[in-house]
Amino acid sequence: MCMVSCLKFLFSGSMKPPAYEVKRTSHSVYRLRCTERTEIGAASNLPVKLVVFDFDECLTLVTLMTEDGKYSSPEQEVWAREVNFETPWVPGSRIEKLKRLFDELKHCKNGETRVLACLTRNGNANGVVAVINLMKAAGLDIHFSAIWALPYRPGRSCGAYLDDGKWHLFDPPLRSLPLDHKADVLKSVCETPRAWFPQLGGTSQVSAEVQRMANMNLAEVVLVDDQRSNFQSETGAKVLRYCKVARYDAVYREFGVLRDMGGIGAHNDADYDTLKRFVEDPWMCKDTYQVRCQEREFQGSEAKRPVSLVVFDFDETLTMATFMPVDEAFAGKIGWSPKDAPQDDWSEAELLEYNFESPHVRGKRVNKLKDMLKALVTSKDGSRRTLAILTKNDQGVIAVLNLLKIAGLAEFFSAIWTLPLATRSQIPNGVYRGSSGVWNSFEPPLDEVLAHKADVLHHVATFPAKWFPQLGEKGDGIVSQSLSRLFIESIVLVDDERANFRSESETQAKVLRYCKVARYDEAYRDCGTLNQMGGLGAHSDQDYETLKTFVESPWDYPYESVAKVATEPEIPMPTSPQHSELGSTSGLRGLPRINSKTSLCRDTLSEEPEPPKVPRIRQSLKFPAHHLDGDGASLPPPPADVPPAMPAPPLAPGGSLS
C-alpha cells in the first residue's frame, strides 16, 4: 500500500447528484464509550483538567487534505470543511455542535477552566501546520491551547501553541520519550508541562488558562481517540481516563465505501452529552471489560430462528493469553502430555494457570467455562446445540486440542478448524470428535473459501457436512442434527477481534450474531506487560450469563433499530473507495463544487494499525514458549541485544502562524 491513498477530487467534470441518501437510525451502536480504569485508585476523586483529542477520525469523520495541507481559495476551504467534519447521518451542523461541546468542556462546574489540546499522528507532509489549517477552515482551532503531532520529524516542528490569538510553532520533547506512543506523551505532559505548554509563565489570556497545567496528575487527563491501542503503551504507561470513538465502514458521499471512519457525534448527538458528563464525573464510568453481544439486522430476522451452532475463537477468547510448549510433538500428537516432553518446559498446572485461569476474579475460571459450555450445548427447550472452534493459531488444531484436553474443555466441542490453510503437510487444518468420542484429524474445505472467519461461517452454513464429518456417522447425536438445516443466522461467533465479524472481501460476508470479548493490556503474572489480552470472564463472571442469555434469545440484542426507512435501497458495497469526478454545480446539500485541479488526500498513516501482540513469554522460562504474533502465528525469539538508535538530527527553528 502506498503511503498516501488519494481520493481525488477532479473538479473539471460533471456528475449527477446521488440517487439516494444513506440513512442510519438514532439507535445505531456507533456510540462513544468512556472509561475510567479501576487502577486509578484514590486519584478517582481528582477532577479533569486537560482533555486531549485525537484529530483523524475523531474530530474529523475522515481526514481528506491537500498534499501540502493548504487551501488556495475560500471555496476550497468550504468543501474541505464539509467533507471532513459534517456528517450526512445526523441533522444539523456537526461543526456547530463541536464548538458548543468545546465551549462547555472548557468551563468546569466549579468555575475553573479546563484546557483542550490535540495529539495526532496525521501524516501530511506539512505536519502540524496542515492540522491547524484544516481546523481553521472549520473555525475549531481557537478552542485548543496546543497541538502536538507524532512521530518526531527531523527538520519540522512537531508542536504548535496558541497565544495572543496566533499559532506559534515549537518543538515538544518527543525525542526524549521512552516510546513513540500517546500514553507516554501524556505521562510526559504531566511530568514536564512547560515543555508541552510554552504559554506557561506568560501574561496572555491563554497563559492564564493553562496555569492549572503546571501541577497535574495523569488522572486529571482525558484522551479522546478512535484507536484503543493508544490508551496503553508497551512501556506500561496508561491513560487512566479515556473515551473511545466508534469506528465504522460506510458508503460516504461520492467516495463509495470508506474503511475505519469515525468522528464524535457522527451517528448520534448523544456522543456530545456523553463526553461532557464523563469529563465532569469520570468516576461514574468504571471499566468492566465485559463481553458485548449483538444481532445484526437481516432479512427474515422476524422468524427468530434459534441458535444451532456456537463457534469460539481460541486465542484470547477461551484463553486469557496463549502460551504453548516448545516440544514439536505438542502440535502433532493428540493427547500430548508435559511428561512426554524431552525438556523441562511447562507442567500441566502451569499451562492451565497461564492460559486459562484469571487473577482478576475469584474461583476457578476453567470450572466456570465448563459450566457455561455445558449449558450452551442444551437449549432451554431441550434441543441440542453444537460447539466448535475456529482459530488462527499457527501451531494448528492439534496444539489447540491438546490445551483444551489439559483444561478438560475438549469434550464440549465437536470440531476445531484453523485458518489459513496450513503450509506444513504434517499439520492438519481440522479435527472432529466422532460418535465414539475419539478425536480424528481431517481437512476442511479451506481451499473453497476465503481465509476470513465470516466467509468460512457462511460456507459452514451452506455445506455443514464438509466441516462436520461426523454428520454422516451413526451415533448418539454428538453433533446436533439441526446442522443439516443450518442458516447463517443460526451461528454465533464468539471472538475478541472485531474485524472477524465482517469480511473485507468482495463478498462482504457478515456474521449476523456475535459476541465481542473485551481486549485489554496489562502486566500478567511474571510475563511483564502483555497487550491485546482477553478471555471470556477474565474480569467479570457476568460474561458467562450474558453469553448464555444471548444464545437463547439473540433477537433481544439488536445491532440497530429495525425502524429504518422502509424504502432504503440495498447499497452495493465495493471493496475500495470509488473515485468520482465532481461536477461544478450539483452540490451535496446545496454546496457548490469547486473548479480546481487540487486533490484532497486521505493519509493512511493516520489510521494507526493496531500493534502486534507482545510475545507470550514467562520471564522464568529458560526455553521460551513459541512467540505468537497477532493471529497466534510463531515468531522467532527477540534478539538479546538491540543496537542503539541513531542520534536525531538537530531541530529546525520554529516559526509563527498568523
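A quick note: this is a predicted structure, and the numbers were derived from the prediction, not measured.

A. Looking closely at the overall build of the protein chain. Helix and strand content of the protein chain: 13 helices and 26 strands. Across the 658 residues in the protein chain, those meeting the buried criterion constitute 58%. For the protein chain, contacts bridging at least 24 residues in sequence account for 72% of all contacts bridging at least 6. A total accessible area of about 27,600 Å² is found for the protein chain, and carbon and sulfur atoms account for 52% of it.

B. Geometry of the pattern of salt bridges. What the rule picks out here adds up to 29 salt bridges. Here Asp-54 and Lys-182 are joined by a salt bridge, their closest N and O atoms 2.9 Å apart. Separated by 128 residues along the polypeptide, Asp-54 in the loop between β3 (50–53) and β4 (64–65) and Lys-182 in helix α4 (residues 182–191) bring together distant segments of the chain. Judged by relative accessible area, which is 0%, Lys-182 ranks as buried. If you follow the salt bridges from partner to partner, you end up with Asp-54, Lys-182 and Asp-225 in one network.

C. Representation of the pairing of β3 within the structure. The two faces of β3 match: Leu-50 and Val-52 on one face and Val-51 and Phe-53 on the other face are all buried. As judged from the four bridges shared by β3 and strand β5 (residues 115–120), these two strands associate in the parallel manner. Residue pairing in the sheet places Val-51 in a bridge with Leu-116 of β5. Bridging between β3 and strand β9 (residues 221–225) involves four bridges; their strand directions are parallel. Opposite Val-51, over in β9, you have Val-222 as the bridge partner.

D. Quick look at the nonpolar core. Ranked by size, the top nonpolar core spans 60 residues in total, and within it Phe-312, Leu-404 and Phe-413 carry the most contacts. Mapped by element, the contributors of at least two residues to this core are β14 (309–312), α8 (348–356), α9 (365–377), β15 (386–391), α10 (397–407), β19 (491–495), β22 (529–533) and α13 (542–552). The leading source of residues in this core is α10, at nine residues. Within the second largest apolar cluster, 48 residues are counted, among which are Ala-266, Phe-442, Leu-483 and Ala-509.

E. Region of the structure containing the side chain of Thr-87. Along the polypeptide, Thr-87 turns up in the loop between α1 (74–85) and α2 (94–106). Reaching out from Thr-87, the side chain makes a polar contact with the backbone nitrogen of Trp-89 at a distance of 3.1 Å.

F. Inspection of the packing of α2 against helix α7 (residues 270–280) at higher detail. Two elements in contact, α2 and α7, have axes whose closest approach is 10 Å; the angle formed by their N-to-C orientations is 10°. The angle between α2 and α7 places the two elements in the roughly parallel class. Note on element contacts: α7 touches α2 through Tyr-272, Leu-275, Lys-276 and Val-279, opposite Arg-94, Lys-97, Leu-98, Leu-101, Glu-104 and Leu-105. Per-class residue counts for the contact of α2 with α7 are six nonpolar, no polar and four charged.

G. Seen up close, the sheet that holds strand β20 (residues 513–516). Strand order in the open sheet made by the eight strands is β13-β20-β19-β14-β15-β16-β17-β18, with mixed pairing throughout. Among the strands making up the open sheet, the edge pair consists of β13 (292–295) and β18 (439–442). Strand-to-strand, the axes of this sheet are offset by a mean angle of 20°, without reference to chain direction. Bridging between β19 and β20 involves four bridges; their strand directions are parallel. Looking at the pairing, Val-492 lines up with Arg-513 of β20. Contacts from helix α11 (residues 453–462) reach β14, β15, β16 (415–418) and β19, with the element oriented near 155° to β19.

H. Quick look at the side chain of Thr-319. With respect to the helices, strands and loops of the structure, Thr-319 is situated in the loop between β14 and α8. Since its relative accessible area comes to 0%, Thr-319 is described here as buried. A polar contact is formed between the side chain of Thr-319 and the backbone nitrogen of Glu-316, at a distance of 2.8 Å. A distance of 2.9 Å separates the side chain of Thr-319 from the side chain of Thr-322, its partner in a polar contact. Residues within four places of Thr-319 in sequence aside, it is in contact with Phe-314, Asn-355, Phe-356, Arg-365, Gly-534 and Gly-535.

I. Quick look at the environment of Ala-341. Take Ala-341: it is sitting in the loop between β14 and α8. For Ala-341 and Pro-325, which are 16 residues apart along the polypeptide, the C-alpha to C-alpha distance reads 8.7 Å. Each residue touching Ala-341, except ones within four places of it in the same chain, is listed here: Asp-327 and Trp-336.

J. Here's a closer look at the confidence of the model for the protein chain. Of the residues in the protein chain, 79% have a pLDDT of 70 or more, and the chain-wide mean is 81. Contacts of residues 560–598 to residues separated by more than four positions or lying in other chains number 96 contacts, the stretch itself having pLDDT below 50. Every residue in residues 622–656 scores below 50 in pLDDT, and together they form 64 contacts with partners more than four places removed in sequence or on other chains.

K. Fine view of α10. Most of α10 sits inside the fold, with ten of its eleven residues counted as buried. Here α10 has its buried residues at Val-397, Ile-398, Ala-399, Val-400, Leu-401, Asn-402, Leu-403, Leu-404, Ile-406 and Ala-407. Its buried side turned inward, α10 meets α8, α9, β15, β16, β17 (430–433) and β18. Just downstream of α10 lies Gly-408, where phi reads positive at about 75°.

L. Here's a closer look at the environment of Cys-58. Along the polypeptide, Cys-58 turns up in the loop between β3 and β4. Note on Cys-58: relative accessible area 0%, which makes it buried. Linking Cys-58 and Asp-225, residues 167 residues apart in sequence, is a C-alpha distance of 6.0 Å. The contact partners of Cys-58, leaving out residues within four places of it in the chain, are Arg-94, Val-224, Asp-225, Val-245, Gly-263 and Ile-264.

M. How the structure looks around the packing of aromatic side chains. Tallied over the full model, the rule gives 23 aromatic pairs. With a centroid separation of 6.0 Å and 45° between ring planes, the pair formed by Trp-89 and Tyr-252 is classed as tilted. Within this pair, whereas Trp-89 is found in the loop between α1 and α2, its partner Tyr-252 is found in the loop between β11 (248–251) and β12 (257–261), the two being separated by 163 residues in sequence. Exposure class is identical for Trp-89 and Tyr-252. Each is buried.

N. Looking closely at the packing of α8 against α10. Two elements in contact, α8 and α10, have axes whose closest approach is 10 Å; the angle formed by their N-to-C orientations is 100°. Taken as axis vectors, α8 and α10 run roughly perpendicular relative to one another. Where α8 approaches α10, its residues Glu-348, Leu-351, Leu-352, Asn-355 and Phe-356 are matched on the opposing element by Leu-403, Ile-406 and Ala-407. Its residues assigned to classes, the contact of α8 with α10 shows six nonpolar, one polar and one charged.

O. Representation of the environment of Asp-56 in the model. One can find Asp-56 in the loop between β3 and β4. Classification of Asp-56 by relative accessible area gives buried; the value is 1%. Taking the C-alpha atoms as reference, Asp-56 lies 6.7 Å from Asn-122; in sequence the two are 66 residues apart. For Asp-56, the side chain forms a polar contact with the side chain of Thr-63, separated by 2.6 Å. Among the polar contacts listed, one links the side chain of Asp-56 to the side chain of Thr-120, at a separation of 3.4 Å.

Cut-off values and rules
Residues numbered from 1 in each chain as written. Predicted model: local features only at pLDDT ≥ 70, side-chain atom pairs only at ≥ 80, totals over all residues. Heavy atoms only, no water. Helix = DSSP H or I, 4+ residues; strand = E, 2+ residues; numbered from the N terminus. Buried < 20%, exposed > 50% of the residue type's maximum accessible area, 1.4 Å probe, protein only. Contact = heavy atoms within 4.5 Å. Areas by Shrake-Rupley, 256 points an atom, 1.4 Å probe, with all protein chains shown as cover. Salt bridge = Lys/Arg side-chain N within 4 Å of Asp/Glu carboxyl O. Pairing = 2+ DSSP bridges. Core = buried A, V, L, I, M, F, W, Y, C linked by side-chain atoms within 4.5 Å. Polar contact = N/O pair within 3.5 Å; in protein donor to acceptor, adjacent residues only side chain to side chain. Axes fitted to C-alpha atoms, helices over the stretch in contact; angles between N-to-C directions. Parallel < 35°, antiparallel > 145°, perpendicular 65-115°, else oblique. Nonpolar A, V, L, I, M, F, W, Y, C, P; charged D, E, K, R; others polar. pLDDT = per-residue confidence, 0-100. Phe/Tyr/Trp six-rings, centres within 6.5 Å; stacked < 30°, edge-to-face > 60°.

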